[in-house]
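Examination of the molecular architecture
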Amino acid sequence: MPPSLSGPRTVAPYADVVVRPASAEDRPVVERLWLMFRHDLSELRGLLPRPDGTFRAERVEDAFTSAGWAPYLFASGGQPVGFAFVRGLDAPVRVLNSFFVVRGARRAGLGLRTAREVLARHPGRWEIAFQYENPGAVGFWRRVAAEAAGDAWTEESRPVPGRPDLPADVWISFGAGGADA
């Protein structure tokens, strides 16, 4: 085994992760990450790509062009490792609409660090949806909520609007930072 892989690491993996607002120039990168995100989710709900090989991307458009939305890009060592879309910045409750970390960067604490940073940028009430069919997301988002709000968070199932054919989404609600949380 090469020496760099044989012993314990002295620097935490992805210690250099950067969370920054995604610019218009970043949009092509975010769109490619979006395809990976939707591909991961397709397994849970049996969704297939469109004839051109893409998945629906209205949220990408909204994140970059709609009022009250903010796209974030995560990078480590200059490489893109994920993204988040926040909506409701002009409302009493912010929604972490989409959140993704590439598979090669998972299980190293990067997701938790980036989620914390996105939440900290917008103190107040938050809601995050996920699916029970995704066990990794269940544990991850419960941990995020507990770290952000202690025991002061709730979890409830809500039907997917306009999609009675899909199982309900799970929504976690909590306050993060600031006096109005």
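For the structure itself, look to the data block above.
First, a word on what this report is: a plain description of the structure on this page. (Residues numbered from 1 in each chain as written. Predicted model: local features only at pLDDT ≥ 70, side-chain atom pairs only at ≥ 80, totals over all residues. Heavy atoms only, no water.)

In this fold, T114 is placed in helix α4 (residues 110–121). Note on T114: relative accessible area 0%, which makes it buried. Ignoring anything within four residues of it in the chain, the contact list for T114 reads V17, V19, F74, F99 and V101. (Helix = DSSP H or I, 4+ residues; strand = E, 2+ residues; numbered from the N terminus. Buried < 20%, exposed > 50% of the residue type's maximum accessible area, 1.4 Å probe, protein only. Contact = heavy atoms within 4.5 Å.)

Further remarks concern the sheet that holds strand β1 (residues 18–21). One open sheet accounts for 7 strands, arranged β1-β2-β3-β4-β5-β7-β6; its pairing is mixed. In this open sheet, the two strands that pair with only one neighbour each are β1 and β6 (153–158). Shown here is a sheet whose adjacent strand axes are inclined to one another by a mean of 25°, direction ignored. In the sheet, strand β3 (residues 79–87) pairs with strand β4 (residues 93–101) via 6 bridges, with the strands oriented antiparallel. Bridge assignment links V86 to a residue of β4, and that residue is L96. Where α4 meets the sheet, it contacts β1, β2 (70–76), β3, β4, β5 (124–130) and β7 (169–176), and its direction lies at approximately 155° from that of β4. (Pairing = 2+ DSSP bridges. Axes fitted to C-alpha atoms, helices over the stretch in contact; angles between N-to-C directions.)

Right, let's get into the pattern of salt bridges. Inspection of the entire model under this criterion finds 10 salt bridges. We note a salt bridge from D26 to R20, for which the minimum N-O separation is 2.6 Å. A relative accessible area of 33% places R20 in the partly exposed class. Linking R143 and E147 is a salt bridge whose minimum nitrogen-to-oxygen distance equals 3.3 Å. Here R143 and its partner E147 are both found in helix α5 (residues 135–149), 4 residues apart, which amounts to about one turn of the helix. Here the residues in one salt-bridge network are R27, E31 and E61, joined through shared partners. (Salt bridge = Lys/Arg side-chain N within 4 Å of Asp/Glu carboxyl O.)

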